[in-house]
Amino acid sequence: MRDYEVTVVIQPQLEEAERAQLIERLSNLLVPGSKEGGNLTANHWGVRQLAYPIRKFQEGYYVLYEAKIDPTRIREIERSMQYNEDVLRYLVVRKGE
């Protein structure tokens, strides 16, 4: 298990309930059973202006996750986010020691 930061940009027009459900699904994807382990923190940055349009969106809802993730699962996590239409962009970075 290594420390990672995962930044996710979500479509801004999602309803609050849909956004909360998506954030919960992403949390479970990153660290299954994260509620018990405490290995995951999510910082909600809210809606922010994008530097350039992504799929005709000028804004995005940002969430920064910090988690301990098994390195063998990174490819699976990235693939799941890539095929989710509500995720505009994502970035997975290993935290330095």
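Conventions and cut-offs
Residues numbered from 1 in each chain as written. Predicted model: local features only at pLDDT ≥ 70, side-chain atom pairs only at ≥ 80, totals over all residues. Heavy atoms only, no water. pLDDT = per-residue confidence, 0-100. Helix = DSSP H or I, 4+ residues; strand = E, 2+ residues; numbered from the N terminus. Polar contact = N/O pair within 3.5 Å; in protein donor to acceptor, adjacent residues only side chain to side chain. Contact = heavy atoms within 4.5 Å. Buried < 20%, exposed > 50% of the residue type's maximum accessible area, 1.4 Å probe, protein only. Arc of directions from axis to C-beta.

Draft legend 1. Representation of the confidence of the model for the protein chain in the model. Averaged over all residues, the pLDDT of the protein chain equals 88, while 93% of them reach at least 70. Per-residue pLDDT, averaged within each element of the protein chain, yields its smallest value for helix H2 (residues 34–37) (49) and its largest for strand S4 (residues 87–94) (94).

Draft legend 2. Quick look at the side chain of Arg-73. The topology assignment puts Arg-73 in the loop between strand S3 (57–69) and helix H3 (74–82). A polar contact of 2.9 Å, which involves the side chain of Arg-73, links it to the backbone oxygen of Leu-30. If sequence neighbours within four positions are ignored, Arg-73 has contacts with Leu-29, Leu-30 and Pro-32.

Draft legend 3. Summary view of H3. Taken together, the buried positions of H3 are Ile-74, Ile-77 and Met-81. Angularly, the buried residues of H3 cover 65° about the axis, an arc narrow enough to put them on a single face. In H3, the exposed positions angled more than 90 degrees off the buried face are occupied by Arg-75, Arg-79 and Gln-82. Contact partners of the buried residues in H3: strand S1 (2–10), helix H1 (16–30), S3 and S4.

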